Amino acid sequence: MIDLRSDTVTKPTAEMRKAAYEAEVGDDVYQEDPTVRELEQTAADMLGKEAALFVTSGTQGNQIAVLTHTRKGDEIIVEQDSHIFNYEGAAISAFAGVQPRTIKGDRGAMDPREVESAIQEDDVHNPETGLICIENTHNRAGGAVIPLDNMAAIHHVASANHIPVHLDGARLFNAAVALGQPVKDIAQYTDTVQFCLSKGLGAPVGSIIAGSEEFIKQARKWRKRLGGGLRQVGIIAAPGLVALRTMVDRLAIDHEHAKFLAEGLGNTKGIEVVNQIDTNIILVDVSERGLTSSQFVALLKEHGVLVSTFGPKLVRFVTHYDVNKESIGDALRIVSKL
Ligand SMILES: *Cc1c(COP(=O)(O)O)cnc(C)c1O
C-alpha cells in the first residue's frame, strides 16, 4: 500500500525508537522528567516563546489554548475552514463554552479588516471576543502558507484590541521550510502556538504548545484537568526531540514530492488539481471522472493507493517521510491507468 492519506501515518525512525528506549525519565506531573523538560525548552527556544508544554495531540493543544485564553460565554474568531472549527468535535463549545465567529479566508488567510470588524463592541448584548485563531499551514486550503504580512496585520489588530492570538501550527514547520525562515519568525505574530510532532516531523505521539510562562502555568493545569498529565512520558518525548533535530529540513523533500505528484495528477485526464502547492498537500477534484470522492478513494484502494476524501468532490493526497519518489511515481502510474 502507498499511503498518501496523511502525514500522520509516518512511523518513528530507527533513531526515534532508540531514543525512546534510552530516554532518561521521571514523573512529569511532578515536572521531574528530564527528557520532557529538554523537549519543552528546545521547542520554546525554537519558537521564541518563554515556555512550552508537551501535550498528547494537536487537538488537545488547541483546546488547552482556548480554555486558557477564554471564559465561558466568550466568542472566538476562527477561519471558516479551520481545523479548530471543523474537526475538533465542537470541543470549543463542549469544553471551553465559547462560540465561534467564522471568517472566510483567502487560501486560509483572513482579511485583517474583516477580523477587525468581527471584534465585538463592548455592549450588554454582545459576547466578548476572547481569542483570534490563525492556522498555518492551512489544512483545508491545501497546505497553504499564511503570508507573514497577513499574520502581522492580524496581530496588530488583535493587540490594539487587547485580544490574544493563537496559532494552530499543526504543520508550522512545513510553513517555515516553505518560507525559508525559522519558526520563530512566524510565531512572533501570535501569543501562543500549537504544533504537531506527530505529522510531517514523524514522531509517534504528541504536540507542543508554547507561550508566556504565565500562559503555560495555567495550560499545565488545564492539561491535568483534561487527564493529560502523564508520568514517565520522556519515553515519547525523546522521539519528539529527535524529530526537532533531524526531521525539519527534510520537509523540503516532501514539498518537492508534492509538486511532482501534483504535476502528474494534473496531467491525468478527468483530474483537476485545485490548490496551489505550497507544502505537502494536494487537493484534486475527481468529478470529471463521473465518480464521487468516496468512489474514487475506494477504487484507488483496490489498486494499492490510500488517499482520503475531502468533501463530496475532492480527494486529498499528502506527501511525507514514508513515501519516496519511487512510490509516488508508482501511485501516479496507478492513477493514470484507472
Ligand atoms: C492534524 C491537525 C490538528 C490536530 O492534531 P491531532 O494531533 O490530530 O489532534 C489541528 N490542526 C490542524 C490544522 C491539523 O491539521
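Peer 1: Can you lay out the domain arrangement of the chain for me, pointing to particular residues and giving the numbers?
Peer 2: The assigned domain composition of the chain is domain 1 (10–246) and domain 2 (250–337). Computed over C-alpha atoms, the centres of domain 1 and domain 2 are 28 Å apart. Listed per partner, the contact involves 22 residues of domain 1 and 16 residues of domain 2. For the pair domain 1 and domain 2, the summed buried surface comes to about 1,500 Å²; carbon and sulfur atoms form 54% of the total. On the surface where domain 1 and domain 2 come into contact, there are one salt bridge. Here R107 ties to D278 by a salt bridge, and the two come within 3.2 Å at their closest N and O atoms. Joining domain 1 to domain 2, the criterion identifies eight residue pairs in polar contact (both at pLDDT 80 or more). If one sorts the elements of the side of domain 1 that touches domain 2 by residue count, helix α8 (residues 172–179) sits on top with five residues.

Peer 1: Give me the site of the ligand: which residues, what numbers.
Peer 2: The local shell around the ligand consists of S57, G58, T59, N62, H83, E88, E135, D168, A170, R171, C196 and K199. Within the backbone of G58, a nitrogen or oxygen atom sits 2.8 Å from an oxygen atom of the ligand. At 3.0 Å from an oxygen atom of the ligand is found a side-chain nitrogen or oxygen belonging to R171. Starting from 380 Å² of accessible surface for the ligand in isolation, the protein chains cover 85%. For the shell around the ligand, the element with the most residues is helix α3 (residues 58–69), which contributes three residues. Per-class residue counts for the shell around the ligand are two nonpolar, five polar and five charged.

Peer 1: Quick rundown of the pattern of salt bridges? Include the residues and the values.
Peer 2: Tallied over the full model, the rule gives 13 salt bridges. A salt bridge links R71 to E128, with the shortest nitrogen-to-oxygen separation between them at 3.4 Å. Here the residue R71 occupies a position in the loop between α3 and β3 (75–79), and E128 occupies one in the loop between α6 (112–118) and β5 (129–135), the gap between them amounting to 57 residues. On the basis of relative accessibility, which here comes to 56%, the residue R71 falls in the exposed class.

Peer 1: If you had to explain the sheet that holds strand β7 (residues 192–196) to someone new, which residues and values would you point to?
Peer 2: A sheet is described by the order of its strands in space; here seven strands give the open sequence β2-β8-β7-β6-β5-β3-β4, paired in mixed fashion. Either end of the sheet is taken by a strand with one partner, and the two such strands are β2 (51–55) and β4 (99–103). Along the sheet, successive strands turn relative to each other by an average axial angle of 20°, direction set aside. In the sheet, β7 pairs with strand β8 (residues 207–211) via four bridges, with the strands oriented antiparallel. Across the sheet, the residue bridging to F195 is I208, located in β8. With respect to the sheet, helix α2 (residues 34–47) is in contact with β2, β7 and β8, its orientation differing from that of β2 by roughly 125°. Seen against the sheet, helix α7 (residues 148–160) touches β5 and β6 (165–168) and runs at an angle of roughly 175° to β5.

Peer 1: If you had to explain the side chain of T129 to someone new, which residues and values would you point to?
Peer 2: One can find T129 in strand β5. For T129, a relative accessible area of 13% corresponds to the buried category. At 2.9 Å, the side chain of T129 forms a polar contact with the backbone nitrogen of Q120. Apart from the residues lying within four places of it in its own chain, the contact partners of T129 are E75, I77, A118, I119, Q120 and I163.

Criteria and thresholds
- Residues numbered from 1 in each chain as written.
- Predicted model: local features only at pLDDT ≥ 70, side-chain atom pairs only at ≥ 80, totals over all residues.
- Heavy atoms only, no water.
- Domains from an automatic or database assignment.
- Contact = heavy atoms within 4.5 Å.
- Buried area = accessible area lost by both parts, 1.4 Å probe.
- Salt bridge = Lys/Arg side-chain N within 4 Å of Asp/Glu carboxyl O.
- Polar contact = N/O pair within 3.5 Å; in protein donor to acceptor, adjacent residues only side chain to side chain.
- Helix = DSSP H or I, 4+ residues; strand = E, 2+ residues; numbered from the N terminus.
- Near = heavy atom within 4 Å.
- Areas by Shrake-Rupley, 256 points an atom, 1.4 Å probe, with all protein chains shown as cover.
- Nonpolar A, V, L, I, M, F, W, Y, C, P; charged D, E, K, R; others polar.
- Buried < 20%, exposed > 50% of the residue type's maximum accessible area, 1.4 Å probe, protein only.
- Pairing = 2+ DSSP bridges.
- Axes fitted to C-alpha atoms, helices over the stretch in contact; angles between N-to-C directions.

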